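Architecture and fold: a report
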Amino acid sequence: MLSLQRSDWPLLPNIHFLNHGSFGATPYALLRTQHEWRLRLEQQPVQFHLELPSLMAEARTHLAQYLGCGVNDVIYVENSTFGCNVAFHALARMVDASSQIVTTDHEYGACIRALRNHVGPTGASVVTVDLPIPIPSRADVAQRIIDAFTPQTRAVFLSHITSPTGAQMPVEEVVAEARRRGIISIIDGSHAPGHIALDLATLGADIYTGNCHKWMCTPKGSAFLFVNPQVQERVPPLVTSWGMDGTGLRASAFVDEHEYLGTRDPSAFLTVPDAIAWMARNNWPMVQLHGQHLVRMAVDAMVDDGLGVPVLTQAAERTLQMDAAVLHADVDVVALKKRLYDHYAVEVVIHRWKGAPIVRVSAHAHTTQSDIDALRSALRTELL
Ligand SMILES: Cc1ncc(COP(=O)(O)O)c(C=O)c1O
């Protein structure tokens, strides 16, 4: 039995909310914690800012334990778009016109845009590995990415879980090979924290950014950037503020230079430790099983109804709280998405990626069987 239910979230009761993946959803309990931090700040803003470095250090300690990394190797950032921008800003200082950066055609559009904007002026080329839809086996995907490495490859940029296709990428294999060849690995883990097991020390990526505000359900604007100590010196802050000349704890140059970016609202960062405790109290493995079961059922139903095929060709690899189906090629995705929302109150991702019409379903503790049934019934009515 789940201890959490739909009424623990402010989500509108009349909407079948099957898109937790895009922006997460925060329960009342964590919104209250955030509100308490904001009140505490506003009661004595000057005193609060004097205490802020140690409050942030404590919040980083909890996050670092959760992620399996050193407390001074991770900083809070507002979102993983920001984290990626810090990484690419640094990367632009490490490459030149002879360099190649390997990525795939399943990455998040805004991050690819950031990659091109930062490294474009250096003349380095971005090599995009073609991953077909439906997606082949994990071993095949890893091989395709590794096959793109050449002596000119300086970096690889890869999502841990893809946004357009909801697939877990073989980051362990790719990072290990990159490390062996001296290639910098930059991982976009936007969908990973709270969703799949993470141990950053074991993974060994050079740079890893992830959102807490998706699957950990923390308030919007809570994400992190991990940088391996061996690379930290080569990763300057994107925004210059007081840095080492400020009132930080001098625990590490990396933290001091990146953490204080001028006056901003730190309440979402400070809520993360409470979120980690809330997840533990609410039997997170059970929450994950619940979501995995529901999304698998949703995609299996589309297959049974003859509407499409799973986006992942290997059934054993469909293990996330997001699963996706590829519909028949002639489906008008824009019209279908609108009809599902307007006529059936179903909020779900329906889009075209690499020419393939894709339905991506996400489920969390607030998702119920009736949400999945509503999606099935709507798709049957519209497409059969
Ligand atoms: C793979 C991936 N990367 C980056 C992002 C951007 O996240 P944010 O808007 O929190 O920066 C997303 C958002 O959905 C994503 O799915």
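Worth saying up front: this structure is predicted, and the values here are computed from it rather than measured.

This paragraph deals with the packing of helix α11 (residues 284-304) against helix α13 (residues 369-383). If you want to describe how two helices pack, look at the angle between their axes and the distance between the axes. For the pair α11 and α13, interaxial distance at closest approach is 10 Å and the crossing angle is 15°. Taken together, the axes of α11 and α13 are roughly parallel relative to one another. Considering only the axes of α11 and α13, their crossing is right-handed. Packed against α11, whose contacting residues are Leu 294, Met 297, Ala 298, Ala 301 and Met 302, the element α13 presents Ile 372, Leu 375, Arg 376 and Leu 379 at the interface.

Another point: the nonpolar core. Judged by nonpolar contacts, the single largest core of 103 residues is most densely connected at Phe 224, Phe 226, Val 311, Val 348, Val 359, Val 361 and Leu 375. Broken down by element, this core gets its largest block of residues, seven residues, from helix α10 (residues 267-281). Formed jointly, this core draws a minimum of three residues from each of two domains, domain 1 (6-27 + 283-383) and domain 2 (44-279). The contacts of Val 311, once residues within four sequence positions are left out, are Ile 133, Pro 134, Ile 135, Thr 165, Gly 166, Ala 167, Ala 324, Ala 325, Val 326 and Ile 358.

Take the domain arrangement of the protein next. Taken domain by domain, the protein consists of domain 1 (6-27 + 283-383) and domain 2 (44-279). Spacing between the C-alpha centres of domain 1 and domain 2 amounts to 27 Å. The interface is formed by 26 residues belonging to domain 1 together with 23 residues belonging to domain 2. Those elements that provide at least two residues to the side of domain 1 that touches domain 2 are α1 (20-23), β9 (308-310), β10 (322-327), β12 (349-353) and β13 (356-362). Of the residues forming the side of domain 1 that touches domain 2, the biggest block, four residues, is contributed by β10.

Turning to the sheet that holds β9, a few remarks are in order. The sheet built from four strands is open, its strands ordered β9-β10-β13-β12 with antiparallel pairing. A strand with exactly one partner marks an edge of an open sheet, and here the two such strands are β9 and β12. Across the sheet, the mean angle from the axis of one strand to that of its neighbour is 30°, orientation sign disregarded. Set on the sheet, α11 makes contact with β9, β10 and β13; between it and β10 the angle comes to about 15°. Together, β12 and β13 form the strand contacts of helix α12 (residues 333-344), whose direction differs from that of β12 by roughly 175°.

Residues in contact with the ligand, as listed here, are Ser 22, Asn 79, Ser 80, Thr 81, Tyr 108, Cys 111, Ser 159, Ser 163, Asp 188, Ser 190, His 191 and Asn 211. Taken together, the residues of the shell around the ligand break down into two nonpolar, nine polar and one charged.

The subject of this paragraph is unusual backbone geometry. Keep in mind that most residues, glycine aside, have a negative phi and that most peptide bonds are trans. Cis peptide bonds are those with omega within 30 degrees of zero, and the linkage from Ile 133 to Pro 134 qualifies with -5°. Relative to the helices and strands, Pro 134 resides in the loop between β4 (125-129) and α6 (138-147). Notably, Lys 354 is not glycine yet its phi reads approximately 55°, a positive angle. Within the secondary structure, Lys 354 sits in the loop between β12 and β13.

Criteria and cut-off values
Residues numbered from 1 in each chain as written. Predicted model: local features only at pLDDT ≥ 70, side-chain atom pairs only at ≥ 80, totals over all residues. Axes fitted to C-alpha atoms, helices over the stretch in contact; angles between N-to-C directions. Helix = DSSP H or I, 4+ residues; strand = E, 2+ residues; numbered from the N terminus. Parallel < 35°, antiparallel > 145°, perpendicular 65-115°, else oblique. Left-handed = near helix turned anticlockwise from the far one by under 90°. Contact = placed C-beta atoms within 7 Å. Core = buried A, V, L, I, M, F, W, Y, C linked by C-beta atoms within 7 Å. Buried ≥ 20, exposed ≤ 12 C-beta atoms within 10 Å, placed from the backbone. Domains from an automatic or database assignment. Pairing = 2+ DSSP bridges. Near = placed C-beta within 6 Å. Nonpolar A, V, L, I, M, F, W, Y, C, P; charged D, E, K, R; others polar.

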